[in-house]
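Spelled out, the chains give:
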Amino acid sequence: MTDSLQTLSTNGAAATDIDAAETSEWLEAVDAVVEHDGPDRARHILARAVQRAELAGSGPIASITTPYVNTIPAAREAKLPGDPAVERRLRSIIRWNAMAMVVRANKISSELGGHIASFQSLATLYEVGYNHFWHAASDAHGGDLVYFQGHSSPGNYARAYLEGRLTDEQLDGFRQEVSKPGGLSSYPHPWLMPEFWQFPTVSLGIGAITSIYQARFMKYLAARGMDQTDGRKVWAFIGDGEVDEPETLGSIGMAGREHLDNLIWVVNCNLQRLDGPVRGNGKIIQELESDFRGAGWNVIKVIWGSRWDPLLAEDHDGRLVKVMEECVDGEYQTFKSRDGAYVREHFFGRDPVLLERVSHMSDEEIWLLNRGGLDQQKVYAAYHEAVRHTGQPTVILAKTIKGYGMGVSGEGQMITHQAKKMTEDALLAFRDRFELPLSDEQVRAAEYYKPPDDSPEMQFLRERRAELGGSLPVRRGKAEPLEVPGLDAFKGQLESTGDREISTTMAFVRVLAALLRDKRIGRHVVPIVPDESRTFGMEGMFRQVGIYSPVGQLYQPQDSEQLMFYKEDKHGQILEEGITEAGSISSFIAAGSSYSAHGVPMIPFYIYYSMFGYQRVGDLVWAAADSRTRGFLLGGTAGRTTLNGEGLQHEDGHSHVLFSVVPNCRAYDPAFGYEVAVIIQAGLRRMVVEQEDVFYYITLMNENYHHPAMPEGAVDGILRGMYMLREGSVGRKKKAPRVQLLGSGTILNEVLAAAELLESDFGVAADVWSVTSFTELRRDGIEVERWNMLHPLEQPRRAYATEQLEGRGGPVIASTDYIRAFADQIRQWVPGRYRVLGTDGFGRSDFRQALRRFFEVDRYYVAVAALKELADEGTIDAARVKEAIDRYQLDAEAPMPTTV
Ligand SMILES: Cc1ncc(C[n+]2csc(CCOP(=O)(O)OP(=O)(O)O)c2C)c(N)n1
Ligand SMILES: [Mg+2]
């Protein structure tokens, strides 16, 4: 709703009123009902009246926004317990130390960066949570989970410092993790501070969506009897600028629909983002109120601080609220960068009656009229209601000031986000404003301040945290290990498929089905699908383990008479996410880090169209890696020529290259069912038993073919990245030219066929290697190379790829269903000549055979590439290559696939 409509519907004094007396009578009648029968009765009557008018054709009247004032009236506020002055002083000290650590780092050099303004706007919102609401995990409570705004980390460090968790040296090591022992990470990164941070949030929008799916996952754990999560809350702090990210608001409908009343969001509406105002010409709080209420959330607006209460109580004619609604956020920002006289003139001065109403107040008093999100009483009241609200998630829209307390160095100023320094005057003013017991000298040096242990502030701090179970944030690194099945559990996949032709996707589904049945870990498996179960042949699991739904199934499914009907169930195990890859990977993160957040190891298997994977949700993949998520990502329908009919936007020829950049991701492109089984079994062992913080990316294909039995002794090679599948020989000719052919995924079959062609048509012996992971081979290679460089006098080590290929003889040729960069990864460690074929270019539709010829990765191109290498090394005559080109009818003048 626009602000002008807002004014119309919420303020009877609007200009379009043609009969003010009649309007007054109606309003008085409402007042009388509220007074005699209470607000609920008033709401009932008004709802009926609105419905009557709408039925009569009035058009929409009822607004989902409310007036621009606090949702909780002053009279209904729960009162902040304890001594408010002590709490304020404690917060002031934390404000100071948070600011000081950034200022000190930037005194040395501005190279390191850091933020002051964001935490200064958030301090009250955090501290009220720390002092009164957030439980640490203890015997008495499972612990709340708090997603902190990433670039406000100095505030968290400043509190941890007072709690004795961090030292002066560590604060001075902010953003210096390499050179200072115990240095502090710029933002919340579990990878860098694994005992401290739980949730990476700084890529904007990522904390938001992952917090929703975390809350949902907690309900899932409870529904399945895996954990007792009742009473635990997920809190997420989100910037008002951050709401523009599609990941931020994109899933709020799910939270409303699933009644996630364990979720509380606090949107820090400081009205500014990095460059300027969030909604200079509008009001972010009103905009968000309608978004969230429309999505089924409980909305609590915390706009005005207690000092406004008397003025609002007197506002019987609605003039003050009218001006509050008329002013846009750009003006509200400017007000707080000026002074009381400016606010008097430009805010109250919009209405002469209001100006008169504040004439008894000094400019100083007007300046002190505070904002709700900076008022501990108002914030306490909002949190108090939020934690008690049932049936809906809650969002608190808290109005604050960016750079609060920074004065001339940034308060409410456009530049405040990036301000890392404060002038001496601003530092002194900060000290005075927050009444810090620091000398001018200490202020100039930006010294940290820790009050004596027996001071009321420190006692309060300790008592409150003791009461709430200990310090926060704290990250748990391990859970009780589970026992995982051995390889024999997947016996079916280790044997030849005989006459049957299957795809690796089918092989995977069988492995997954076996795991779901497994007594030891079956319950811990979490299948996640974004509306693609039927694509992957997983619909049998609908009935077998059920699809999770918090309400069960309220309808008789259309296919209820079938064996594999669409079964929604309160205890369902499958997370059927609908069409949201971002949501699905957020569930993957929640499940895969459950060992840490809940102490309950869960094993997610998230299967999706590989093309809609990394490139769609790359930042979430990094968040998964940073979170030390453990689990399996399955890139289904992979390979640029294997998913052949779907064309350019579906056919993935590069996801492996993208995943190769993630340091703790183990990526594999298996060709056969036994490879899939071996990789998954080893992954389970590493992640669930040994509790290594890695996750797996495995591509799966939809092409059906025969799968051989697992060769003897192949397991080690499968896991390390390559093993020999077929040894070449040409009759008794010992001296035949020889080549080494590498292949992965479905293209391995083309490579095997090429070996036959080379031997039968050209008398060339070809060894064939199944390369399950070029990425793992490279990882091994760079490690070996580095070691050799740093140990020049020792016996050099050999990369695994080198070890395997060395001495086999002949040039090496690789062909895969991915771009050349994929197989090219191992070039340095391939002894001798190395030629790589790949599917560089845009995908398109046709038969697989046609596509493989088009991209020049089929058996004929492999054979020709091998012959060309033999010719180049002088083993055979170049005429043999030409002969092969003619024989296999390759079009030598066809354009490069990348250009068409
Ligand atoms: C995805 C992403 N884009 C850009 C940034 C850079 N960035 C960091 S904070 C910020 C402004 C945030 O504004 P807001 O969400 O309002 O937070 P505030 O600091 O005002 O509380 C930007 C653009 C980022 N961290 N992540
Ligand atoms: Mg902001």
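Refer to the structure presented above.
Fair warning: this is a prediction, and the values are worked out from it, not measured in the lab.

A. A look at the coordination of the magnesium ion (ligand 2). Looking at the metal site, the magnesium ion (ligand 2) is ligated by Asp 240 (OD), Asn 270 (OD1) and Gln 272 (O), spaced 2.0 to 2.2 Å from it. Coordination of the magnesium ion (ligand 2) draws on donor residues from a single chain, spaced D-x29-N-x1-Q in sequence. Of the two residues, Asp 240 is situated in the loop between strand S2 (234-239) and helix H9 (246-249) and Asn 270 in the loop between strand S3 (263-269) and helix H11 (284-294); the sequence distance between them amounts to 30 residues. Take Asp 240 and Asn 270: they sit in the same class, and that class is buried.

B. Seen up close, the sheet that holds strand S16 (residues 765-771). Read from one edge to the other, the open sheet built from 5 strands follows the order S14-S16-S15-S17-S18, with strand pairing classed as mixed. Only two strands of the sheet have a single partner each, and these edge strands are strand S14 (722-726) and strand S18 (834-837). Each strand of the sheet is rotated relative to its neighbour by a mean of 25 degrees, with strand direction disregarded. Pairing geometry for strand S17 (residues 812-815) and S18, over 4 bridges, is parallel. The residue bridging Ala 814 from the neighbouring strand is Val 836, located in S18. Relative to S18, helix H36 (residues 859-872) is tilted by about 160 degrees, and along the sheet it contacts strand S15 (738-743), S17 and S18.

C. Seen up close, a nonpolar patch on the surface. Among the surface-exposed residues, Val 551, Leu 554 and Tyr 555 lie close enough to one another that they form a single nonpolar patch of about 320 Å² accessible area. Structurally, Tyr 555 can be placed in the loop between strand S7 (547-548) and strand S8 (568-569).

D. How the structure looks around the sheet that holds strand S9 (residues 575-576). Strand order across the open sheet formed by 6 strands is S9-S6-S10-S11-S13-S12, with parallel pairing between neighbours. Two strands close off the open sheet at either side, each with one partner strand: S9 and strand S12 (665-668). Note: S12 against strand S13 (residues 695-699), 4 bridges, orientation parallel. Paired with Cys 665 across the strands is Phe 695, a residue of S13. Its contacts with the sheet put helix H23 (residues 504-517) on strand S6 (525-529), strand S10 (603-609) and strand S11 (632-636), and the angle it makes with S6 is roughly 140 degrees.

E. Inspection of a negative patch on the surface at higher detail. Taken together, the side chains of Asp 19, Glu 22, Glu 25, Glu 28, Asp 31 and Glu 35 present a region of like negative charge at the surface. Topologically, Asp 19 is positioned in the loop between helix H1 (3-10) and helix H2 (20-37). Judged by relative accessible area, which is 34%, Asp 19 ranks as partly exposed.

F. Inspection of the site of ligand 1 at higher detail. Every one of the 18 residues lining ligand 1 counts as a neighbour, but Ser 118, Gln 149, His 151, Gly 241 and Lys 402 are closest to it. The contact in question runs from an oxygen atom of ligand 1 to an N or O atom on the side chain of Asp 240, over 2.8 Å. Contact distances for ligand 1 include 2.7 Å between an oxygen atom and a side-chain N or O atom of Lys 402. Against a free-state accessible area of 590 Å², the protein chains account for coverage of 76% of ligand 1. Taken together, the residues of the shell around ligand 1 break down into 3 nonpolar, 10 polar and 5 charged.

G. Layout of the packing of helix H8 (residues 206-223) against helix H27 (residues 614-626). Interhelical geometry of H8 versus H27 gives an angle of 65 degrees and a closest axis separation of 11 Å. Comparing their axes, H27 and H8 come out roughly perpendicular. By crossing handedness, the relation of H8 to H27 is classed as right-handed. Contacts from Ile 206, Ile 209 and Thr 210 of H8 reach H27 at Asp 619, Leu 620 and Ala 623.

H. Representation of the environment of Gly 728 within the structure. Position of Gly 728 relative to the elements: it lies in the loop between S14 and S15. Distance from Gly 728 to Val 739, taken between C-alpha atoms, is 8.5 Å for residues 11 residues apart in sequence. Ignoring sequence-local partners within four residues, the contact set of Gly 728 consists of Arg 738, Glu 759, Ala 765, Ala 766 and Asp 767.

I. Local environment of the nonpolar core. Counting 89 residues, the largest nonpolar core has Trp 265, Phe 347, Phe 348 and Phe 659 as its most contacted members. With 10 residues, H8 is the largest single contributor of residues to this core. When residues no more than four places from it in sequence are discounted, the contact partners of Phe 348 are Trp 308, Leu 311, Leu 320, Val 343, Leu 354, Leu 355, Val 358, Ile 366 and Leu 369. Within the second largest apolar cluster, 77 residues are counted, among which are Ala 514, Leu 516, Val 529 and Ile 574.

J. Highlighting unusual backbone geometry. With an omega dihedral of -10 degrees, the bond running from Leu 472 to Pro 473 counts as a cis peptide bond. Counting through the fold element by element, Pro 473 comes out in the loop between helix H21 (456-467) and helix H22 (491-494). Of note, Ala 446 is a non-glycine position whose phi angle comes to about 50 degrees, a positive value. Tracing the chain through its elements places Ala 446 in the loop between helix H20 (440-444) and H21.

K. Just the side chain of Lys 301, in detail. Its place among the elements puts Lys 301 in strand S4 (residues 298-302). Residue classification places Lys 301 among the buried positions, given a relative accessible area of 1%. One polar contact links the side chain of Lys 301 to the main-chain carbonyl oxygen of Thr 66, over a distance of 3.0 Å. Excluding residues that lie within four positions of it along the chain, Lys 301 makes contacts with Thr 66, Pro 67, Tyr 68, Val 69, Asn 70, Thr 71, Ile 285, Gln 286, Glu 289 and Leu 397.

How each quantity is defined
Residues numbered from 1 in each chain as written. Chains lettered and ligands numbered in written order. Predicted model: local features only at pLDDT ≥ 70, side-chain atom pairs only at ≥ 80, totals over all residues. Heavy atoms only, no water. Donors = N, O, S within 2.8 Å, 3.2 Å for Na, K, Ca; no water. Helix = DSSP H or I, 4+ residues; strand = E, 2+ residues; numbered from the N terminus. Buried < 20%, exposed > 50% of the residue type's maximum accessible area, 1.4 Å probe, protein only. Pairing = 2+ DSSP bridges. Axes fitted to C-alpha atoms, helices over the stretch in contact; angles between N-to-C directions. Contact = heavy atoms within 4.5 Å. Patch = residues over 30% accessible without salt bridge, like charges linked within 9 Å, V, L, I, M, F, W, Y side chains within 5 Å. Areas by Shrake-Rupley, 256 points an atom, 1.4 Å probe, with all protein chains shown as cover. Salt bridge = Lys/Arg side-chain N within 4 Å of Asp/Glu carboxyl O. Lys, Arg positive; Asp, Glu negative; His and termini not counted. Charge placed at Lys NZ, Arg CZ, Asp CG, Glu CD. Near = heavy atom within 4 Å. Polar contact = N/O pair within 3.5 Å; in protein donor to acceptor, adjacent residues only side chain to side chain. Nonpolar A, V, L, I, M, F, W, Y, C, P; charged D, E, K, R; others polar. Parallel < 35°, antiparallel > 145°, perpendicular 65-115°, else oblique. Left-handed = near helix turned anticlockwise from the far one by under 90°. Core = buried A, V, L, I, M, F, W, Y, C linked by side-chain atoms within 4.5 Å.

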